[in-house]
Every structure is written in C-alpha cells, then in structure tokens.
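Results of the structural survey
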Amino acid sequence: MKTFSFSINMNPITIATMGKGIPGMLRRAGTIQQRYGLTPKQMDRTLSHFVSLLDNYQCGATFPITTSILTRSRGIVEKYQAQRIEFAVHGYYHTDQTQLSFEEQLEHSAAARELFEQRGIRCEGFRSPYLRFNPMTLAAVKQAGFSYDSSQALAWDIPKEMETPAYRRALDFYGAVSASAYPALPRWDNGLVRIPYCLPDDEAFVDRFHTTPVRMTELWSTILQRTHAQGELFTVAIHPERIVFCEQALGQVLDQARQLQPHVWMTQLYQIADWWKARTQSKIGITADGNELTVQVTGPEGVTLLARHVQVSSAARSWDKTWLEAEGSQVKFHAERRPFIGVSPTSPAYLASFLRQQGYIVETTTDGAHSSFYLDRSHFVYEDERPLLDEIEQGDFPLVRLGRWPHGARSALCVTGDIDALTLWDYALRIF
C-alpha cells in the first residue's frame, strides 16, 4: 500500500461531524456495524444484490470507491466490471480534499489512477470524499488524467416539512448549489467534464430526514419527471450498503424511467462524459438555396437532429408535441430566417461555448435580423444558464438543433453511490 507524507488540519471524525453533526455521527456509528463485516463477504453480497436489481432494468451504475480499500482486498471489485458497473476514484484516502495542497491532491490522484490500472480496473472519473473540492482539486484531477469529475452537489427542492437543520448543514458543508438556479447537466470546462451529484441522496433520506421508502420514491419520482421535462440528468445516488432500504424507491424510479417517452438514457458516468465531449465536437454543415436549407451533422453514433416550426421536407418523425427528429444525419427544410442561434462577436466566449454544449447551432454574426434568435450580451455567468435555457426551449421561434442525448433520448439517468469501505476495518483505519 502506498504511503504519503502530508498534513491534514482536521481528522476524519472532525470533518464528518461538520457535515452530520454529533447526533448524526452517533447514529452513523451505530449503523456501520450492521452494514459491514470483518471481511468483505457481507459487502460482496450487498453489491451482488444491488447489481441483480439493476440487471432487472438493463441498467448499470457508477460506484466511486476509496482507493486505499483496493489495497486491502482483491477480486471483490474486479468481478463487477463485466456487469455494467463502472468504478471511479473516491480519493486515495477518504480525506477532505480542501485540506490538501495542490501537490498533495495531484500525488493522491495520480497514485489512485496508477493503482486502478495495475488492478485492471477502468478508471475515468473522480468524486471527492464528502463532495468537498476546490479549484486545485479540479486542476489536480485533470492533470492526473481523469476525464470527468462528479463532486458538485446539486440540490433539488424538497417539501418544507422535510427540511431539517441537519440537511441544511449538509448542503452548506457540501457547497451544494440549487437545481432551481443551475441546470442538472454536465459541463465541459477546461478539458474536464463536470457531472453534478443530485441531492437528496440516500444518506439524506436515512440519516437526515428519517423518512420512509415511500417518501423517497415520491421525491425521486418528482426529480425524474423534472429532469425528463427539461432534458437534463438525474444521478440517483445510493451508497451500496443502503440498497435494502432504497430498493423499493430505486425499482419504481427505474420502472418509471423506462416508460417515459421520448426515452431516458440509463447509463454510467464515463459514458455521459464521453458522449458530452464527442457530441459537442460534432461537425455541422449548412447549405442554403434561398430559403431552402440543409443541415448535415457528422458526429458520434447516436447523434440526432431536431427541428421545430420549420417546414421539413426530408424524412422525419415526431419526437414530442413540438419537435421533429430527423431520420438520418441530415434534415432539409424551408425557413424564412436561419433557425439557429446568432451570437454577437462581442458577447462572452463562454456564452457560445455553453450553447454549443447544449446542442444548439451557433453562428457568430453582427446581423441579428437573419437569425430566428439572437443574443448580444455583455456578460454571461452560471446563474444565467437556466433562464436562458428556459427562454430558448419555451420560445415559439423556428429552431434546428442537435439532440442533447444519444439516439433521441430526452434525458439521462445514472445510478451512482460511493463505496467508502468494504469492511469494518476500513472504517476504523480512516481515523488514522
């Protein structure tokens, strides 16, 4: 097992208490011994049960796992890779990354990737322990060769009667942002795809709300409906050791997801990251003969073209009540104005980048009269993203764009949950 020379200002018990509070820590200590054994056998049975449940819905999952755990066990993790299970890095040790220097974070991240590779475990992504990170974390993760990070907590609204001081404390501790203000979408930022982690997760329901599986089902179903309506991503977060408590809610949510139309893409985080980059880099060809236009897309398998409020003359099928989906890689149509998004050259570069990541066809121009929708903004920041998406998607102007998700999916879903330990010993050793 690799050892490091580093200093941490707070030990794991102090850090965990900040997030859970003392009562929460005491309850957590009382349940750990019920969920773990002295050997990995109990956790192996738990993972097997979890994977069997997912198989019923042809659904995989992504489980970030603390790297040091792998040094104390063999075979438990490796056998699940062939069963649509992705493993990501959950720190080398289960430590608060914000307490480490950039050099320490880079050393830990690089060593984690090296160990995963030595064990033959695919390793594309990273999630910080406690969901705590800083700009140095993202820089270290990128430099270590990861393609995505899934540490940003994104909190969906919950009923007021469910609010507790413990949950508020947790959101502050995680640095969570509100899904009412921020889209539940990946963002390709400086070479790293950042994928949000949706809250409330299983830990919130069990340790902070003290509620029932029925309530969990209701709230997760609401989030599923909202992400589907908005074309966004729902990361259903369940720590594997709690699957027995959560399986009713998970099963019903996955069953509902399979019935939604246009369909929900159920996948793993690495596939979301790969798709987001590949689709964003698709090549768009536009030819015009007066008001007759043809859009041709060259991109990854599954890339689609959607059109609304234009007279389509090529093969297309209904996608929803408003949009048509082209049958093939091109769409031909008649339009009085170019049904794309025009952006002034003086607007922030991030504006055009954000729009392209959503699948919109962006044209930089000073002549807004030729675009069906034109933007000339002096600034554009994260808080402006959701209002702009709402304005575009709810607008009645002509538009042709790329589908956000592959093969005509309207939204995406990924089951994910951290593996913090395989045995009771793993938890005990975290103190040191």
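Quick summary incoming for the structure in this document.

Basis of the calculations
- Residues numbered from 1 in each chain as written.
- Predicted model: local features only at pLDDT ≥ 70, side-chain atom pairs only at ≥ 80, totals over all residues.
- Heavy atoms only, no water.
- Helix = DSSP H or I, 4+ residues; strand = E, 2+ residues; numbered from the N terminus.
- Areas by Shrake-Rupley, 256 points an atom, 1.4 Å probe, with all protein chains shown as cover.
- Pairing = 2+ DSSP bridges.
- Axes fitted to C-alpha atoms, helices over the stretch in contact; angles between N-to-C directions.
- Contact = heavy atoms within 4.5 Å.
- Buried < 20%, exposed > 50% of the residue type's maximum accessible area, 1.4 Å probe, protein only.
- Salt bridge = Lys/Arg side-chain N within 4 Å of Asp/Glu carboxyl O.
- Polar contact = N/O pair within 3.5 Å; in protein donor to acceptor, adjacent residues only side chain to side chain.

1. Quick look at the overall build of the protein
The number of helices and strands found in the protein is 13 helices and 23 strands. Accessible area of the protein: about 17600 Å², with a carbon and sulfur share of 51%.

2. Structural notes on the sheet that holds strand β19 (residues 338-343)
Spatial strand order, β20-β19-β21: three strands in an open sheet with parallel pairing. Either end of the sheet is taken by a strand with one partner, and the two such strands are β20 (362-364) and β21 (371-375). Pairwise comparison of adjacent strand axes, ignoring direction, gives a mean angle of 35° for this sheet. Both β19 and β21 contribute to a ladder of four bridges, which runs parallel. Residue pairing across strands places R338 opposite S371, the latter belonging to β21. Contacts from helix α11 (residues 349-357) reach β19, β20 and β21, with the element oriented near 155° to β20.

3. Focus: unusual backbone geometry
With omega at 10°, the peptide bond leading from L199 into P200 counts as cis. Within the secondary structure, P200 sits in the loop between β9 (197-199) and α7 (202-209). In this structure, the amide linkage connecting Q261 to the following residue, P262, adopts the cis form with an omega of -10°. In this fold, P262 is placed in the loop between α9 (243-259) and β11 (264-266). Unlike most non-glycine residues, L131 shows phi in positive territory, near 60°. Of note, L131 is situated in the loop between β3 (125-126) and α5 (135-143). At H210, a residue that is not glycine, the phi angle is positive and equals roughly 50°. Within the secondary structure layout, H210 lies in the loop between α7 and α8 (213-230).

4. Focus on the pairing of strand β14 (residues 305-308)
Side chains of β14 alternate between two faces, with L305 and A307 and L306 and R308 buried alike. Inspection of the sheet shows β14 paired to strand β17 (residues 324-326) by two bridges, in the antiparallel sense. The partner of A307 across the bridge, within β17, is L324.

5. Points about the pattern of salt bridges
Counted according to the given criterion, the structure contains 23 salt bridges. The salt bridge involving K79 is made with D44; its shortest N-O contact spans 2.9 Å. One end of the pair, K79, is in the loop between α3 (67-70) and β2 (85-89); the other, D44, is in helix α2 (residues 41-55), and 35 residues separate them in sequence. For K79, a relative accessible area of 41% puts it in the partly exposed group. The salt bridge partner of R242 is D207, with a shortest N-O separation of 3.0 Å.

6. Considering the sheet that holds strand β18 (residues 330-334)
Spatially, four strands are ordered β12-β13-β18-β15 in an open sheet, and the strand pairing comes out antiparallel. Each edge of the open sheet is held by one strand with a lone partner, namely β12 (283-289) and β15 (311-312).

7. Here's the deal with the side chain of R410
Looking at where R410 falls in the secondary structure, it is placed in the loop between β22 (399-402) and β23 (411-416). Polar contacts involving the side chain of R410 include one to the main-chain carbonyl oxygen of H228, which spans 2.8 Å.

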